Amino acid sequence: METEVLILGGGPSGLAAAYEVASRGHGVMIVDEAWALGGQLRQQTQIIDPIPAPFTGLRGFQLAETLVERLKEFPVEYLLKHEFIGLFADGSAGVSGGEKILRISAKCFVVATGAAESARHFPGWTLPGVMTIGAAQILINRERIYPGKTGLVVGSSDMALEITRQMHDVGINVIGVVEPTSQILAKDGKIVSSLQETGIPVLLQTEVVAVSGSGKVETVLLSSGNKPGVETDCQVDFVCIDGGRHPILEPFSIMNCPLRYEKELGGWLPSYNGKLQSTNSGIFVAGQAAGVTCQAGVVLTGAIAGINAVDYLENGTAEARESCKQVYWDELKRIESTQTPEVWQARMSHMG
Amino acid sequence: MSREYETVIIGGGVIGSGIAYHLSESKSDGILVIDKNFPLSGSSGSTQAWVWVHTKTPSWYGEFSMYSSELYGYLHRKIGDIEFIRTGGICPFFSENEREHAKSLAESQAQVGIEIQVLDRDEVLAREPALSDKVLGATYSRIDGNVNPMRLVEQYMKAAKINGVTYEYYNKVTDIEKKQGSFLVTTEKGLFTCKNLVLSAGVWTHEVGKMLGLDIPVHPVRGQVMITEPLAPFMKYTLDGLRQASNGEVLIGYSREEAGFDRSTSLDFIGSTANFALALVPDLAKAKIVRSFSGLRVMPKDEFPILGPIPGIENLYIAAMHSGITLSPLAGTLISELITEGETSIPIERYSITRFA
Ligand SMILES: Cc1cc2nc3c(=O)[nH]c(=O)nc-3n(C[C@H](O)[C@H](O)[C@H](O)COP(=O)(O)OP(=O)(O)OC[C@H]3O[C@@H](n4cnc5c(N)ncnc54)[C@H](O)[C@@H]3O)c2cc1C
Ligand SMILES: Cc1cc2nc3c(=O)[nH]c(=O)nc-3n(C[C@H](O)[C@H](O)[C@H](O)COP(=O)(O)OP(=O)(O)OC[C@H]3O[C@@H](n4cnc5c(N)ncnc54)[C@H](O)[C@@H]3O)c2cc1C
């Protein structure tokens with residue numbers, strides 16, 4: 001198979017990149033290992049905010065649908081249930097549907113493979129019933145399965161508090177959110193107050209000592225910095241870990257893109273320049289794979305990477321494309337440098 | 001700022017760390033290991049880690065490998081669990097003329113004390129039922145086995161540090177000069193001086209040698225390895241090219257490519273590696289491959305170890321070799337003997353760099 005721009009990952013950033021390429025008349029193919037497009041937005045039921053027009057007011061899964069819908073008028077090719085697993089010696093990509101390896105040659109790549117959740121470790125963390133917070137979200141919103149009846153959440157990021165409220169909304173008894181540090185990590189005041197309305201307590205300076213049970217989660221043991229030496233037992237049947245997310249690195253290792261450690265951007269990630277271009281000039285990166293954490297940024301970097309891929313195909317830029325990119329960068333700066341200035345700074349310095 | 005050591009070892013892979021550990025058994029301080037990265041970032045962290053002897057030829061090289069492999073029995077008692085298992089090694093053959101070759105291998109290796117049995121088809125399938133029934137026979141030896149290379153290097157380092165060895169990580173040696181009996185070793189993080197200097201920089205030994213005006217004939221030969229999901233134990237022996245590790249994963253690899261320092265993997269090779277594995281163990285068709293990696297073999301020009309003093313520059317030693325996992329206990333022992341006693345317990349002239357002159 002052959003295409004001009006091969007997009008790895010059909011989440012919001014990959015879909016946004018595809019739009020910029022396809023709407024300028026170039027060939028695009030999106031490969032995704034999942035059976036549906038939309039990436040991790042598919043299980044997000046909250047309204048995505050802030051997000052630039054024309055996407056304001058949409059819930060996560062609706063944003064995904066809109067990004068997919070927008071591509072319908074263009075001849076974009078899709079290859080779902082296929083995983084990018086390697087490169088051939090001539091630089092073409094190998095994707096596997098489980099049985100056969102297909103070969104796709106492309107003039108350039110946009111890598112938008114997203115992030116994976118990180119765990120937190122404590123004795124008993126591998127017991128069935130301990131899961132990441134995102135996994136609980138997939139269960140309730142996508143698969144319509146209760147992760148359990150009574151649970152505890154470990155960690156207090158925006159995403160954890162948001163999903164805790166969603167669990168409460170579907171009738172799950174969350175006995176509390178425990179946070180090892182002395183403050184709630186969530187930055188979005190609306191999310192924090194909406195959790196407070198549920199009455200679910202956030203226990204600061206509290207740590208999980210251990211999770212135990214016979215074959216599944218039954219008890220968690222907590223210790224509080226406020227009462228040294230005292231350990232409290234809670235009866236739960238599931239525990240959600242909010243350990244943050246880190247860019248998925250396998251595609252970059254396969255493509256021999258050097259990695260760098262950037263604490264603010266989620267840890268190890270590929271090196272890239274101001275064009276979101278890796279050290280290999282035909283490989284662009286976008287979204288969470290590039291260490292972008294806010295939803296607006298995920299879509300905007302996808303779009304910017306898409307335009308840069310067009311520049312790459314056309315061997316140079318054009319005024320209209322430059323001003324389009326400028327609008328996206330300004331938007332990203334406006335949102336990110338007010339919400340998370342340290343992340344914006346870190347990205348600027350990463351791009352050098 | 002200059003820091004003084006009696007011995008500086010450049011490169012902390014299995015060879016450098018093995019030397020540091022063995023040297024630290026008799027000298028408790030004054031040893032520094034410098035690595036430009038971290039000690040498993042080079043070949044030692046991307047290897048198959050067979051401790052393999054029986055097909056190593058000519059027999060003087062087989063004998064050398066055997067001595068090293070015998071040291072493994074003691075090594076794990078000294079430095080802790082390194083998951084060394086003497087599984088026995090099987091090298092199967094699929095054509096009749098290879099049988100003759102197998103017999104002459106068994107004869108020549110017997111002369112140096114390596115016991116090899118030539119198995120016929122039924123015998124080899126009885127030992128290792130997972131093998132393809134197209135097999136015609138195999139050479140088999142009890143001596144072969146494998147080790148966990150991550151553990152090995154880590155335990156060498158831990159034991160060496162307990163004995164007082166200092167490590168410098170993420171610090172590249174950029175220049176070396178010899179002045180008034182001392183080496184001046186310039187690194188990205190300052191200058192070190194020492195009396196003895198050991199070059200064990202793996203595939204980069206050529207580059208490091210240039211700093212001393214030497215032309216050390218070592219170059220990288222890429223090898224790609226693929227790994228299956230953990231499978232229930234179904235293979236007992238280490239096969240030539242494939243083994244099941246103690247966690248159930250099967251490591252498969254045999255490619256040898258001239259690709260410079262490029263450590264990418266390519267599906268072309270992964271494909272041929274998969275075919276190689278299927279020809280050997282057909283049941284692997286059902287296994288899922290979960291990852292692959294490539295590593296650089298440290299390849300001397302004639303493929304045999306370069307080990308010993310470097311004549312013309314006093315107190316300079318080199319240890320650069322392929323099969324460094326197998327050979328690290330012996331290489332470590334011999335270089336420490338040279339440094340502490342000035343001579344070795346077995347002759348090593350054959351491995352001298354002077355052979356390339
Ligand atoms: C489980 C989970 C839940 C989340 N929930 C929230 C939330 O509630 N709120 C929030 O703000 N953020 C959340 N996030 C963050 C989320 O990553 C972003 O909201 C956004 O989806 C990132 O978009 P993206 O396009 O960069 O990556 P993704 O949306 O992750 O899309 C990447 C796509 O790449 C595909 N892919 C990956 N590797 C390969 C491969 N080798 N071959 C082929 N396809 C591949 C994946 O299947 C996926 O469809 C969540 C993340 C995760 C992992
Ligand atoms: C695919 C593959 C399979 C193999 N299979 C086997 C096997 O089954 N059995 C076996 O016995 N052997 C095997 N080998 C060989 C074995 O892995 C190597 O011989 C061994 O790892 C070499 O170790 P080393 O310490 O010399 O090199 P390395 O581990 O590469 O160590 C050299 C170190 O030097 C450092 N360095 C380099 N330049 C500088 C500098 N300027 N300043 C500071 N530090 C520097 C590097 O960072 C590196 O850590 C295999 C190799 C490969 C690639």
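Residues numbered from 1 in each chain as written. Chains lettered and ligands numbered in written order. Predicted model: local features only at pLDDT ≥ 70, side-chain atom pairs only at ≥ 80, totals over all residues. Heavy atoms only, no water.

1. Comments concerning the overall build of chain B
Then step 1. On a plain count of helices and strands, chain B comes out with 8 helices and 18 strands.
Then step 2. C-alpha extents for chain B along the principal axes are approximately 65 × 40 × 40 Å.
Then step 3. Per-residue burial over chain B gives 57% buried out of 357 residues.
Then step 4. Once local pairs closer than 6 in sequence are excluded, the contacts in chain B between residues at least 24 apart make up 73%.
Then step 5. Surface accessibility of chain B: about 15100 Å² in total, with carbon and sulfur atoms responsible for 51%.
Then step 6. Of note, chain B has its 34 positive side-chain charges centred 3 Å away from the centre of its 42 negative side-chain charges. (Helix = DSSP H or I, 4+ residues; strand = E, 2+ residues; numbered from the N terminus. Buried < 20%, exposed > 50% of the residue type's maximum accessible area, 1.4 Å probe, protein only. Contact = heavy atoms within 4.5 Å. Areas by Shrake-Rupley, 256 points an atom, 1.4 Å probe, with all protein chains shown as cover. Lys, Arg positive; Asp, Glu negative; His and termini not counted. Charge placed at Lys NZ, Arg CZ, Asp CG, Glu CD.)

2. Structural notes on the site of ligand 2
All names here are of chain B.
Then step 1. Lining the immediate surroundings of ligand 2 are 39 residues, of which Asp35, Ser43, Ser44, Trp50 and Thr326 lie closest.
Then step 2. In this structure, an oxygen atom belonging to ligand 2 sits 2.8 Å away from a main-chain N or O atom of Ser43.
Then step 3. Taking Trp50, its main chain carries an N or O atom lying 2.8 Å from an oxygen atom of ligand 2.
Then step 4. At the level of elements, helix 1 (14-26), strand 12 (218-228), strand 16 (289-300) and helix 8 (324-341) are the ones that each hand at least two residues to the shell around ligand 2.
Then step 5. Here the element with the most residues in the shell around ligand 2 is strand 16; it accounts for 4 residues.
Then step 6. For the shell around ligand 2, a count of residues per class yields 16 nonpolar, 19 polar and 4 charged.
Then step 7. Split by domain, the residues of the shell around ligand 2 number at least three in each of domain 1 (3-47 + 150-217 + 302-356) and domain 2 (218-300). (Near = heavy atom within 4 Å. Polar contact = N/O pair within 3.5 Å; in protein donor to acceptor, adjacent residues only side chain to side chain. Nonpolar A, V, L, I, M, F, W, Y, C, P; charged D, E, K, R; others polar. Domains from an automatic or database assignment.)

3. Points about the pattern of salt bridges
Then step 1. By the definition in use, this model includes 33 salt bridges over all chains.
Then step 2. Residues Asp49 of chain A and Lys190 of chain A are paired through a salt bridge, measuring 3.0 Å at the closest nitrogen-oxygen approach. Residue Asp49 of chain A is found in the loop between strand 2 (28-31) and helix 2 (60-69), and its partner Lys190 of chain A is found in helix 5 (residues 189-198); the two are separated by 141 residues along the sequence.
Then step 3. When its relative accessible area of 58% is taken as the criterion, Lys190 of chain A is described as exposed.
Then step 4. As a salt-bridge pair, Glu83 of chain B and Arg151 of chain B come within 3.6 Å of each other at their nearest N and O atoms. Placement of the pair is Glu83 of chain B in the loop between helix 2 (59-79) and strand 4 (89-93) and Arg151 of chain B in helix 5 (residues 149-162), with a sequence separation of 68 residues.
Then step 5. A relative accessible area of 26% places Glu83 of chain B in the partly exposed class. (Salt bridge = Lys/Arg side-chain N within 4 Å of Asp/Glu carboxyl O.)

4. Points about the interface of chain A and chain B
Then step 1. In this assembly, 10 residues from chain A lie in contact with 7 residues from chain B.
Then step 2. Buried area between chain A and chain B, both sides added, is near 570 Å², and the carbon and sulfur share of it is 56%.
Then step 3. Counting across the interface, chain A meets chain B through 1 salt bridge.
Then step 4. At the junction of chain A with chain B, the criterion picks out 3 residue pairs in polar contact (both at pLDDT 80 or more).
Then step 5. For the side of chain A that touches chain B, the secondary-structure elements that each account for two or more residues are strand 4 (83-87) and strand 6 (101-111) of chain A. (Buried area = accessible area lost by both parts, 1.4 Å probe.)

5. Quick notes on the pairing of strand 11 (residues 190-199) of chain B
Residues and elements named next belong to chain B.
Then step 1. Counting buried positions over the 10 residues of strand 11 gives 7, a clear majority of the element.
Then step 2. Of the strand pairs in this sheet, strand 10 (residues 182-187) and strand 11 are connected by 5 bridges, and their pairing is antiparallel. Bridge pairing links Val185 to Phe192 in strand 11.
Then step 3. Counting the residues in the hairpin turn of strand 10 and strand 11 gives 2 residues.
Then step 4. Two elements, strand 11 and strand 18 (residues 316-320), share 3 bridges in a ladder whose sense is parallel. Directly across from Leu197, in strand 18, lies its bridge partner Leu316. (Pairing = 2+ DSSP bridges.)

6. Quick word on the sheet that holds strand 10 (residues 173-179) of chain A
Residues and elements named next belong to chain A.
Then step 1. Spatially, the 5 strands line up as an open sheet ordered 8-15-9-10-11, and their pairing is parallel. At either margin of the open sheet sits one strand with a lone partner, and together these are strand 8 (130-132) and strand 11 (202-204). Along the sheet, successive strands turn relative to each other by an average axial angle of 25 degrees, direction set aside.
Then step 2. Where strand 9 (residues 150-154) meets strand 15 (residues 238-241), 4 bridges bridge the pair, whose relative direction is parallel. Of the residues in strand 15, the one forming a bridge with Val153 is Cys240.
Then step 3. Against the sheet, helix 3 (residues 133-142) makes contact with strand 8, strand 9 and strand 15, and its axis sits at roughly 90 degrees relative to strand 8, the strand it touches most.
Then step 4. Against the sheet, helix 4 (residues 158-169) engages strand 9, strand 10 and strand 15, with an angle of about 165 degrees to strand 10. (Axes fitted to C-alpha atoms, helices over the stretch in contact; angles between N-to-C directions.)

7. A short note on the confidence of the model for chain B
Then step 1. Averaged over all residues, the pLDDT of chain B equals 96, while 99% of them reach at least 70.
Then step 2. Scoring the predicted complex yields pTM 0.87 and, for the interface, ipTM 0.76. (pLDDT = per-residue confidence, 0-100.)

8. Quick look at the sheet that holds strand 14 (residues 231-235) of chain A
What links the strands of a sheet is backbone hydrogen bonding, and the strands pair in either a parallel or an antiparallel sense.
Residue and element names in this part refer to chain A.
Then step 1. With antiparallel pairing, 3 strands are arranged side by side in an open sheet as 12-13-14. Each having just a single partner strand, strand 12 (206-212) and strand 14 make up the two edges of the open sheet. Pairs of neighbouring strands in the sheet enclose a mean axial angle of 25 degrees, with direction left out of account.
Then step 2. Here strand 13 (residues 219-224) runs beside strand 14; their pairing, made up of 5 bridges, is antiparallel. In the strand pairing of strand 14, Leu221 is matched with Asp233.

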